[in-house]
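Here is how the chains run, residue by residue.
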Amino acid sequence: MSGGIAAYKACELLRRFTESGHDVTVVPTAAALEFVGAPTWAALSGKPVSTEVWASVHEVPHVRIGQEAALVVVAPATADLLAKAAHGLADDLLTNTLLTARCPVVFAPAMHTEMWEHPATRANVATLRSRGAIVIEPAEGRLTGADTGKGRLPEPGEIFALATDLLARGEELGGATVQDLAGRHVVVSAGGTREYLDPVRFIGNRSSGLQGYALARTAAARGAEVTLVAANVTLPDPAGVKVVKVETTAQLQEHVLEASTAADAVVMAAAPADFRPVDVSIHKIKKSDDGGSPEIRLTQNPDILAGLAADRPNDHIVVVGFAAETGDATGSVLDHARAKLLRKGCDLLVVNDVGGGAVFGSEDNEAVVLAKDGSATSVPLGSKAALAHVIWDRVLGLLPQS
Ligand code: CTP
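Residues numbered from 1 in each chain as written. Predicted model: local features only at pLDDT ≥ 70, side-chain atom pairs only at ≥ 80, totals over all residues. Heavy atoms only, no water.

(A) Focus on helix α13 (residues 333-344). A rise of 1.5 Å per residue sets the reference length of α13, with its 12 residues, at 16 Å; its end C-alpha atoms lie 16 Å apart and thus fit the reference within 8%. Restricting attention to buried positions, one finds in α13 the residues V333, H336, A337, K340, L341 and K344. Mapping the buried residues of α13 onto a view down its axis gives an arc of 140°, with all of them on the same face. Facing away from the buried side of α13, by more than 90 degrees, are the exposed residues L342 and R343. Taken from the residues just after α13, G345 is the one with a positive phi, measuring 75°. (Helix = DSSP H or I, 4+ residues; strand = E, 2+ residues; numbered from the N terminus. Expected span 1.5 Å × (residues − 1). Buried < 20%, exposed > 50% of the residue type's maximum accessible area, 1.4 Å probe, protein only. Arc of directions from axis to C-beta.)

Listed below in structure tokens is the structure:
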């Protein structure tokens, strides 16, 4: 870690790594130790820490630490550290480690908005990315003082999730990190919309947002610029992802359409309510004394997915839908899904069999990805991240090569 106030959050990140069985060597800069002292890092990692290349020289730490690492995560990465890394300076143990590492390197920048937006930092970030480094977009929110803006370190749990996704995928692909979505902008919707009856009551659904968040997280890990339009989801913002929070189907539509204008792909993982009340009471609806019940008249919401597929925001966008289906007397799950793919006009349809309420809120998912050309890819029961990777693989196959 380098010397930013967010160094205290790196303690939590370190704990996540060690508690999940990883062997972690902490390499702070001298400035990082001004924020959190060496004893904390040594106690949490179970190893001595050094900022300089002059300790334990016989073990050649300035070369060995980088060479032996499966992953390097710099969190927080200050503007100064990014500049040094971009220019290949090596005046302490951390910058030496960055030059000797051949594994994936993730930078999680944290700084004031002005520093992040400065042309010097923009150029350094672009240089690092062009060399294959993963520079996570900082989160927006409260900064060191009372001010807010872009520049916060993403939540440690989310940096950890991105790191473990990189490690797992690297293992699967023989050590490579594939930044195959770099330079692409993708839009993901997640969660379930609410349609208000009055200021306190709404019609909603059981969507947890987990699959949409897994899609956003995995796309960011593969280098994409990601906009996540989230309807009523309580999960932490994925690292490096721009999150737009909405409540109703109309708001979801507005923000998905706005973000899709220049997007390469849009994945509608959200469950928008199909109907909304015709009248929304501005006052809380009261019980009547005569025991009567109010009648609620509903009207159909626009179909965001079908609208996007019919009136495409650009000529190369890949449009992906989800379908939660159950088989019935008129056809199997796949029969209904094939009909839905045609009806919606999307390029890919991810089909979940929800007979018995499976999927909702579960960590795992099982699906079939149907394509317009009639092909079907079965994805066996596994993590929602694993399904997300298959979806991005299929999306990449449909995108024009850049
Ligand atoms: N969807 C949408 N806008 C809506 C409803 C659904 O964009 N108003 C999208 C969902 O995000 C999902 C896909 O359409 O990607 C399929 O949703 P589903 O509810 O299965 O489709 P429906 O058209 O509502 O079909 P059904 O009559 O089977 O409920």
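(B) A look at the sheet that holds strand β1 (residues 72-77). If you trace the three strands from one edge of the open sheet to the other, you get β1-β2-β3, paired in parallel fashion. Every other strand in the sheet has two partners, leaving β1 and β3 (134-135) as the edge strands with one partner each. Where strand β2 (residues 105-109) meets β3, two bridges bridge the pair, whose relative direction is parallel. Within β3, the position partnered with V106 by the bridge is I134. (Pairing = 2+ DSSP bridges.)

(C) Fine view of the side chain of S2. Tracing the backbone through its elements, the reader meets S2 in the segment before α1 (7-19). A polar contact is formed between the side chain of S2 and the backbone oxygen of P76, at a distance of 2.7 Å. Residue contacts for S2: discarding those within four places in its chain leaves T29, A32, P76, A77, T78 and L81. (Polar contact = N/O pair within 3.5 Å; in protein donor to acceptor, adjacent residues only side chain to side chain. Contact = heavy atoms within 4.5 Å.)

(D) Inspection of the site of the ligand at higher detail. By nearness alone, 14 residues border the ligand, and M268, A270, L305, F322 and K340 come closest of all. Within the backbone of P302, one N or O atom sits 2.9 Å away from a nitrogen atom of the ligand. Between K344 and the ligand, the recorded distance is 2.7 Å, taken from a side-chain N or O atom to an oxygen atom. In the complex, 76% of the free accessible area of the ligand, which totals 580 Å², lies under the protein chains. Those elements giving two or more residues to the shell around the ligand turn out to be α12 (304-310), β14 (318-325) and α13. Tallying contributions element by element places β14 first for the shell around the ligand, with four residues. Grouping the amino acids of the shell around the ligand by side-chain chemistry returns nine nonpolar, one polar and four charged. (Near = heavy atom within 4 Å. Areas by Shrake-Rupley, 256 points an atom, 1.4 Å probe, with all protein chains shown as cover. Nonpolar A, V, L, I, M, F, W, Y, C, P; charged D, E, K, R; others polar.)

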